[in-house]
Amino acid sequence: MSAQKWIKIWMIMILTISFAVGLINYVIDPLGFNKKILIKNMNIVKEDNTLFTIKYKMPLLKKGGWDNLMLGTSRIGLMDTHVADRYLGGKTFTMSLPGSAMPLQWDSFLYAIKFNNIKNIIYGIDFMTFNKNLKFNDDYVQLKEEIQSFDSFYTYDIYFNIQTLIKSIRTIVNNNALHPRYHVYYSESGMRHFPNYKQKLKNGTFKLQNSINDHIKYYFDKNRGIYAKYEYSHEYMRMFKKIVDYCHKNDIKIYVYIPPMYAEHFYALKEAGLKQAFETFKRELAEITDFTDFTGVNSITTNKDNYWDSSHLRKEHTELVISKLLYPEDSVEHQDFGVQVTKENIEAHLKQQNDQYKYIDLKEILDSIYRH
């Protein structure tokens with residue numbers, strides 16, 4: 001057989017295999033990108049797609065039609081968008097960006113307003129977002145230029161991918177299992193769901209304290225933690241101010257709050273030497289806008305059953321947060337949860353919070369986690 005024929009055969013084989021891989025991945029859709037074909041015992045339960053935040057969410061934003069935007073880290077991602085719809089009217093999208101620094105949130109804000117007539121923004125502003133040494137998300141590094149130039153985001157590389165094929169096979173096997181394993185995923189409104197935790201909770205196998213410990217390690221590990229080498233960025237706060245100024249100039253209502261964290265996480269900030277930076281963050285925030293501070297010690301943050309880990313409040317408490325954020329004067333539940341902060345009362349608020357700190361041996365806690 002001639003060399004030319006061999007080349008043709010190989011080309012046909014490569015194209016056929018590539019097409020087959022793409023077709024299988026598109027039909028099985030293990031990451032839930034298209035949801036065109038749903039087959040029982042085949043692909044109803046999807047894999048975790050939260051490592052593809054930009055590719056998943058930006059196309060949804062670009063489609064338009066969103067009236068309200070939730071912005072912040074993963075902590076706002078668990079807030080129920082249906083509750084926001086009910087309070088604000090219209091449709092709400094959650095552009096939550098796990099572990100994100102301010103530049104990513106700034107770029108995402110610009111992308112969202114470019115394609116949508118946003119009327120309201122609920123901004124869960126997070127202390128960790130202002131760490132100038134916080135590592136940028138991998139997908140942001142990869143797709144930064146596309147975001148900043150308002151480009152489209154294509155997913156063909158996900159389908160024509162062997163790694164996705166492995167996930168497709170795993171999805172089929174999982175859907176045929178006697179007890180399918182559920183994974184965290186984003187829904188069409190950008191909301192983050194934890195069916196894996198709910199499944200374990202229902203089965204009585206969810207170990208909440210272990211989940212809290214794992215997240216304490218994730219945040220406070222001196223070498224690789226998300227607070228590692230924390231250095232507060234005034235530049236990032238100026239970036240946030242530009243968002244607030246834009247909203248005021250363009251008749252967009254913006255509601256700002258600091259998400260609640262489990263009390264142990266709050267105590268740990270001081271023991272990690274971050275209390276001063278945490279206060280600077282709040283002082284500068286108060287100079288820019290009024291906000292609601294849900295951190296500190298109160299009836300919600302001292303009950304670990306309200307959380308999935310040390311910092312993610314469960315979806316069931318969305319209404320409590322939204323009502324206190326939008327209509328604090330009408331909210332009568334848990335009066336100690338959520339403090340309205342202005343530049344006039346910020347010092348009194350910080351003094352009150354300073355009295356709430358309780359000593360914990362953070363080193364011992366981290367050491368005990370490593371021992372296990």
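The structure presented is a predicted model; accordingly, all values stated were derived computationally and were not measured.

1. What about the overall build of the chain?
Step number 1: Along its length, the chain carries 16 helices and 8 strands.
Step number 2: For 372 residues, the compact-globule formula gives about 21 Å, and the C-alpha radius of gyration of the chain, at 23 Å, lands near that figure.
Step number 3: Taken over 372 residues, the chain has a buried fraction of 53%.
Step number 4: In the chain, the proportion of contacts linking residues at least 24 apart, taken out of those at least 6 apart, comes to 77%.

2. What about the side chain of Lys282?
Step number 1: Inspection of the secondary structure assignment puts Lys282 in helix H13 (residues 275-288).
Step number 2: For Lys282, the side chain forms a polar contact with the side chain of Thr295, separated by 2.9 Å.
Step number 3: Not counting residues up to four positions away in its chain, the partners in contact with Lys282 are Ile258, Phe291, Asp293, Thr295, Ile346, His349, Leu350 and Gln353.

3. Comments concerning the nonpolar core
Step number 1: Core analysis: the biggest nonpolar cluster contains 105 residues, and Ile122, Tyr123, Phe130, Phe220, Tyr227, Phe240 and Phe281 have the highest contact counts within it.
Step number 2: Filtering out sequence-adjacent residues up to four positions away, Ile122 remains in contact with Leu69, Met70, Leu71, Ile76, Ala84, Leu88, Tyr255, Tyr257, Ile322 and Leu325.

4. Observations concerning helix H6 (residues 138-148)
Step number 1: Among all positions of H6, only Asp139, Tyr140, Leu143 and Ile147 are buried. In an axial view of H6, the angular spread of the buried residues amounts to 105°, which keeps them on one side of the axis. The outward face of H6, more than 90 degrees from its buried face, is lined by the exposed residues Val141, Gln142 and Glu145.
Step number 2: Looking at the buried residues of H6, the elements they touch are helix H2 (53-62) and helix H5 (102-115).

5. Considering the packing of aromatic side chains
Step number 1: Evaluated as defined, the whole model comprises 35 aromatic pairs.
Step number 2: On the numbers, 5.4 Å between centres and 85° between planes, the contact of Phe33 with Tyr56 is edge-to-face. Linking Phe33 in the loop between helix H1 (3-28) and H2 with Tyr56 in helix H2, this pair joins segments that are 23 residues apart in sequence. For the residue pair Phe33 and Tyr56, the accessibility class agrees, reading buried in each case.
Step number 3: Measuring from centroid to centroid gives 5.3 Å for Tyr197 and Trp308, while their planes differ by 45°, and the two rings are tilted. Here Tyr197 is found in helix H9 (residues 195-203), whereas its partner Trp308 is found in the loop between strand E7 (291-293) and helix H14 (318-326), with 111 residues between them in sequence. The same class applies to Tyr197 and to Trp308, which are both buried.
Step number 4: In this structure an aromatic cluster arises from ring pairing among Phe127, Phe130, Tyr218, Tyr219, Phe220, Tyr227, Tyr230, Tyr232, Phe278 and Phe281.

6. A look at the packing of H13 against helix H15 (residues 346-354)
Helices that pack against each other are described as a pair by the angle of their axes relative to one another and the distance between those axes.
Step number 1: Remark: H13 packs on H15, axes separated minimally by 10 Å, with the N-to-C direction vectors making an angle of 155°. As the angle between them shows, H13 and H15 are arranged roughly antiparallel. Seen along the crossing, H13 lies across H15 with a hand that is right-handed. Facing H13, whose interface residues are Lys275, Glu279, Lys282, Arg283 and Ala286, H15 presents Ile346, Glu347, His349, Leu350, Gln353 and Asn354.

7. Observations concerning the sheet that holds strand E8 (residues 339-341)
Step number 1: Ordered by their spatial adjacency, 6 strands build an open sheet running E2-E1-E3-E6-E7-E8, and the pairing between neighbours is mixed. This sheet does not close on itself; its edge strands, each paired only once, are strand E2 (92-96) and E8. Neighbour-to-neighbour, the strand axes of the sheet open up by a mean angle of 20°, direction not taken into account.
Step number 2: Relative to E8, E7 runs antiparallel, the two sharing 3 bridges. Pairing of Asp293 across the sheet is with Val339, part of E8.
Step number 3: Docked against the sheet, H5 engages strand E1 (68-72), E2 and strand E3 (120-124), running at close to 170° with respect to E1.

8. Some points on the environment of Cys247
Step number 1: Following the sequence through the fold, Cys247 ends up in helix H11 (residues 234-249).
Step number 2: Since its relative accessible area comes to 1%, Cys247 is described here as buried.
Step number 3: Separated by 232 residues in sequence, Cys247 and Leu15 have C-alpha atoms that sit 50 Å apart.
Step number 4: Every residue in contact with Cys247, bar those within four places of it in the chain, is listed here: Phe109, Ile121, Ile252 and Ile254.

9. Examining the pattern of salt bridges
Step number 1: Applying the stated criterion to the full structure yields 15 salt bridges.
Step number 2: As a salt-bridge pair, Lys46 and Asp29 come within 3.7 Å of each other at their nearest N and O atoms. Of this pair, Lys46 sits in the loop between H1 and H2 while Asp29 sits in the loop between H1 and H2, and the two are 17 residues apart along the sequence.
Step number 3: Among the salt bridges present, the one from Asp126 reaches Arg75, with a minimum N-O distance of 3.2 Å. Linking Asp126 in the loop between E3 and H6 with Arg75 in helix H3 (residues 74-77), this pair joins segments that are 51 residues apart in sequence.
Step number 4: Accessibility expressed as a relative area gives 2% for Asp126, which makes it buried.
Step number 5: For Arg75, a relative accessible area of 5% corresponds to the buried category.

10. A word on the layout of surface pockets
Step number 1: By volume, the largest pocket is sized at about 1,200 Å³.
Step number 2: Surrounding the largest pocket, 40 residues form its lining, Thr50, Leu51, Pro98, Asn137 and Tyr218 being those nearest its centre.
Step number 3: Here the lining of the largest pocket takes 4 residues from H6, the largest share from any one element.

The rules behind these values
Residues numbered from 1 in each chain as written. Predicted model: local features only at pLDDT ≥ 70, side-chain atom pairs only at ≥ 80, totals over all residues. Heavy atoms only, no water. Helix = DSSP H or I, 4+ residues; strand = E, 2+ residues; numbered from the N terminus. Rg over C-alpha atoms; globule rule 2.2 N^0.38 Å. Buried < 20%, exposed > 50% of the residue type's maximum accessible area, 1.4 Å probe, protein only. Contact = heavy atoms within 4.5 Å. Polar contact = N/O pair within 3.5 Å; in protein donor to acceptor, adjacent residues only side chain to side chain. Core = buried A, V, L, I, M, F, W, Y, C linked by side-chain atoms within 4.5 Å. Arc of directions from axis to C-beta. Phe/Tyr/Trp six-rings, centres within 6.5 Å; stacked < 30°, edge-to-face > 60°. Axes fitted to C-alpha atoms, helices over the stretch in contact; angles between N-to-C directions. Parallel < 35°, antiparallel > 145°, perpendicular 65-115°, else oblique. Left-handed = near helix turned anticlockwise from the far one by under 90°. Pairing = 2+ DSSP bridges. Salt bridge = Lys/Arg side-chain N within 4 Å of Asp/Glu carboxyl O. 1 Å grid on protein atoms, 1.4 Å probe; cavity = no way out; pocket = protein on both sides within 12 Å on 5 of 7 lines; lining within 4 Å. Points joined across faces, edges and corners; volume = space filled by probe spheres on them.

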